[in-house]
Amino acid sequence: MSGYFDSISPLTFDPDSEGLAFRHYDPDQMVMGKRMEDQLRFAVAYWHSFGWEGGDPFGGRTFERPWFPADTMELAIMRADAAFDFFRILGVPFFCFHDHDVRPEGDSLAVSRDRLNRIADIFAEKMANGGPRLLWGTANLFTNRRYMAGAATNPDPDVFAYAAATVRDCLEVTHRLDGENYVLWGGREGYETLLNTDPGQELDHMGRFLSLVVEHKHKIGFKGAILLEPKPQEPTKHQYDYDVATVYGFLKRYGLENEVKLNIEQGHAILAGHSFEHELAMANALGIFGSVDMNRNDYQSGWDTDQFPNNVPEIALAYYEILKAGGFASGGTNFDARLRRQSLDPVDLVAAHAGAMDVCARGLKVAAAMLEDDKLEAARRARYAGWQRPEAQAMLGAGSSLESIADKAMAQGLDPQPVSGRQEILENLVNRYV
Ligand code: XUL
Ligand code: CO
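Residues numbered from 1 in each chain as written. Chains lettered and ligands numbered in written order. Predicted model: local features only at pLDDT ≥ 70, side-chain atom pairs only at ≥ 80, totals over all residues. Heavy atoms only, no water.

A. Summary view of the overall build of the chain. Helix and strand counts for the chain stand at 16 helices and twelve strands. The C-alpha radius of gyration computed for the chain amounts to 24 Å, which stays within 12% of the reference 22 Å derived for 434 residues, consistent with globular compactness. Taking the principal axes of the C-alpha coordinates as reference, the chain spans close to 80 × 60 × 45 Å. Within the chain, the fraction of its 434 residues that count as buried is 49%. Long-range pairs, those at least 24 residues apart, make up 75% of the contacts in the chain with a sequence separation of at least 6. Just so you have it, the chain exposes about 20,600 Å², and 52% of that area is on carbon and sulfur atoms. (Helix = DSSP H or I, 4+ residues; strand = E, 2+ residues; numbered from the N terminus. Rg over C-alpha atoms; globule rule 2.2 N^0.38 Å. Buried < 20%, exposed > 50% of the residue type's maximum accessible area, 1.4 Å probe, protein only. Contact = heavy atoms within 4.5 Å. Areas by Shrake-Rupley, 256 points an atom, 1.4 Å probe, with all protein chains shown as cover.)

Laid out in structure tokens, this is it:
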């Protein structure tokens, strides 16, 4: 027990409560054949909730947590105690962490690894005593100045090797803690200016690095999924993992499309000029949907504000795509979200997560109702119904050619008539559920 969250009792599902409680998140409620907890698979992000100090480009720390600056192992352990108290208050089934969030970096790779393993021992004990499971582990390959020009894509091969050692250790710790996934977000895998950059060489290095990670996963018998997290820019001007479609092309080029899936973040989708549901639908269509980071951006500011979700209609459309993809397998809903820097108190952190869990629960219920009623899908099926005709299917088959299709179209004197896409009618239909 850290004492930091002592004034806050564990939350319960109580729709009539005037205080801190869940009004929609009822873990045992069945939604499309699964308990709500098992559909949503919520995870708390260690870095934002226990590492972020409330700074911005114009000012430093605003949060006074007793474990800050967490630059000793004693403080790191105090932070772990507080984190697991917090997980218990929320009753979340999962958490996620980077190496950098949980232990101070040492002055050598060996010291850093030893510290990571000591914290992992503490996590293992707390997890065995009723704590949450690990949704994913990851390595921070972007904060230290050695990574200023990238990790796998750094022009210096020693940085590539240092990053490899770091990922080896983080992957092994994730495996030891029975993590369900291992995430790689290419924090500075990109560039600022072409004047000093060879993008073809950097992409080859990034492909090789990912292949090495996949090989090691199989070597140690890690059964979780390897996930890449796309983001178009920030911190570098041009990030290589721009969006879902770009990452799919990258995976295909390096023969990794059956080994790696994606962790899709709502805010990153918005930075890429897409909607969240677009990115989810693309990943499902390409067979690489894995997990989500459920944090929004501010639509006006144009950078990654990592805010907790609060827009039920948007979240409903996101879970609609997730349910259409068959729901989460190894993935889940990770809140890669941070408080606003004026939200100083322990209760702010609890309320932020509780509200976000309720927004997701409402969104999930709406999505499930829309799918079960089948009205949207029926309209979609009707729109493509022509493709059920044998002559339409024949065009897609091996026996057809451009010439045979063209000759037939001319012989039939085809004159296709446009049909309404019914967008407004479909939007009105969605509005009846939200
Ligand atoms: C950064 C981001 C990261 C990854 C994990 O924008 O989303 O927190 O989720 O490294
Ligand atoms: Co993220």
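Having seen the model, we can carry on.
B. Just the domain arrangement of the chain, in detail. Split by domain assignment, the chain resolves into domain 1 (32-373) and domain 2 (378-433). Here domain 1 and domain 2 have C-alpha centroids that lie 40 Å from each other. (Domains from an automatic or database assignment.)

C. Structural context of the packing of helix α10 (residues 276-286) against helix α11 (residues 312-324). Two elements in contact, α10 and α11, have axes whose closest approach is 8 Å; the angle formed by their N-to-C orientations is 5°. On the basis of their axis angle, the class for α10 and α11 is roughly parallel. Side by side, α10 and α11 meet where Phe276, Glu277, Leu280, Ala281 and Asn284 of the first sit next to Leu317, Ala318, Glu321, Ile322 and Lys324 of the second. In terms of residue class, the contact of α10 with α11 is made up of six nonpolar, one polar and three charged. (Axes fitted to C-alpha atoms, helices over the stretch in contact; angles between N-to-C directions. Parallel < 35°, antiparallel > 145°, perpendicular 65-115°, else oblique. Nonpolar A, V, L, I, M, F, W, Y, C, P; charged D, E, K, R; others polar.)

D. Here's a closer look at the state of the cysteines. Evaluation of the coordinates by the stated rule reveals zero disulfides. For the unlinked cysteine Cys96, the closest cysteine sulfur is that of Cys170, found at 13 Å. Sulfur of Cys360: no disulfide; nearest cysteine sulfur belongs to Cys96 and is 14 Å away. Among the residues examined, Cys360 registers a relative accessible area of 0% and is labelled buried. (Disulfide = S-S within 2.5 Å.)

E. Spatial organisation of the coordination of the cobalt ion (ligand 2). The coordination sphere of the cobalt ion (ligand 2), as far as protein atoms go, consists of Glu229 (OE), Glu265 (OE), Asp293 (OD) and Asp336 (OD), spread over 2.0 to 2.1 Å. Taking the relative accessible area as the measure of exposure, Glu229 reaches 3% and is therefore buried. (Donors = N, O, S within 2.8 Å, 3.2 Å for Na, K, Ca; no water.)

F. Main features of the packing of aromatic side chains. If you walk through the whole model with that rule in mind, you get 27 aromatic pairs. Between Phe84 and Phe123, the ring centres sit 5.5 Å apart and the planes meet at 45°, which makes this aromatic pair tilted. Here Phe84, found in helix α3 (residues 73-90), pairs with Phe123, found in helix α5 (residues 109-128); they are 39 residues apart in sequence, far enough to count as distant. Phe84 gets classed as buried once you look at its relative accessible area, which sits at 8%. You can call Phe123 buried: its relative accessible area is 1%. Arranged with centres 5.3 Å apart and planes meeting at 90°, the rings of Phe160 and Phe209 form a pair that is edge-to-face. (Phe/Tyr/Trp six-rings, centres within 6.5 Å; stacked < 30°, edge-to-face > 60°.)

G. View of helix α12 (residues 346-373). For α12, spanning 28 residues, the distance from its first C-alpha to its last is 41 Å, which sits close to the expected 40 Å at 1.5 Å a residue. Looking one or two residues beyond α12, the residue adopting positive phi is Asp374, at roughly 65°. (Expected span 1.5 Å × (residues − 1).)

H. A look at unusual backbone geometry. Looking along the chain, the bond that leaves Phe68 and enters Pro69 is cis, with omega of 10°. A cis amide bond, omega 15°, links Glu234 with the succeeding residue Pro235. In this fold, Pro235 is placed in the loop between β8 (225-229) and β9 (238-239). You will see that Arg41, though not glycine, has its phi angle at about 50°, which is positive. Along the polypeptide, Arg41 turns up in the loop between α1 (36-40) and β3 (42-45). Residue Arg41 is classed as buried on the basis of its relative accessible area, which comes to 11%. The backbone phi angle of Arg422 is positive, close to 55°, even though this residue is not glycine. Within the secondary structure, Arg422 is located in the loop between α15 (402-412) and α16 (423-433).

I. Structural context of the pattern of salt bridges. Inspection of the entire model under this criterion finds 24 salt bridges. The partner of Glu37 in a salt bridge is Arg35, and the shortest N-O contact between them spans 3.5 Å. Residue classification places Arg35 among the partly exposed positions, given a relative accessible area of 25%. We note a salt bridge from Glu180 to Arg133, for which the minimum N-O separation is 3.2 Å. Taken together, the residues span a long stretch of sequence, with Glu180 in the loop between α6 (157-176) and β6 (181-185) and Arg133 in strand β5 (residues 133-138) at a distance of 47 residues. Classification of Arg133 by relative accessible area gives partly exposed; the value is 43%. Here the salt bridges do not stand alone but share partners, grouping Asp28, Arg35, Glu37 and Asp38 into one network. (Salt bridge = Lys/Arg side-chain N within 4 Å of Asp/Glu carboxyl O.)

J. Expanded view of the site of ligand 1. Taken together, Trp47, His98, Trp136, Trp185, Glu229, Lys231, Glu265, His268, Asp293, Asp304 and Asp336 make up the full set of residues near ligand 1. The side chain of Asp304 places a nitrogen or oxygen atom 3.1 Å from an oxygen atom of ligand 1. One of the side-chain nitrogen or oxygen atoms of Asp336 is found 2.7 Å away from an oxygen atom of ligand 1. With the chains in place, 94% of the 290 Å² that ligand 1 exposes on its own is no longer accessible. (Near = heavy atom within 4 Å. Polar contact = N/O pair within 3.5 Å; in protein donor to acceptor, adjacent residues only side chain to side chain.)

K. Representation of a nonpolar patch on the surface. Taken together, Tyr384, Trp387, Met395 and Leu396 make up a surface patch of nonpolar side chains, about 430 Å² in accessible area. Judged by its relative accessible area of 47%, Tyr384 is partly exposed. (Patch = residues over 30% accessible without salt bridge, like charges linked within 9 Å, V, L, I, M, F, W, Y side chains within 5 Å.)

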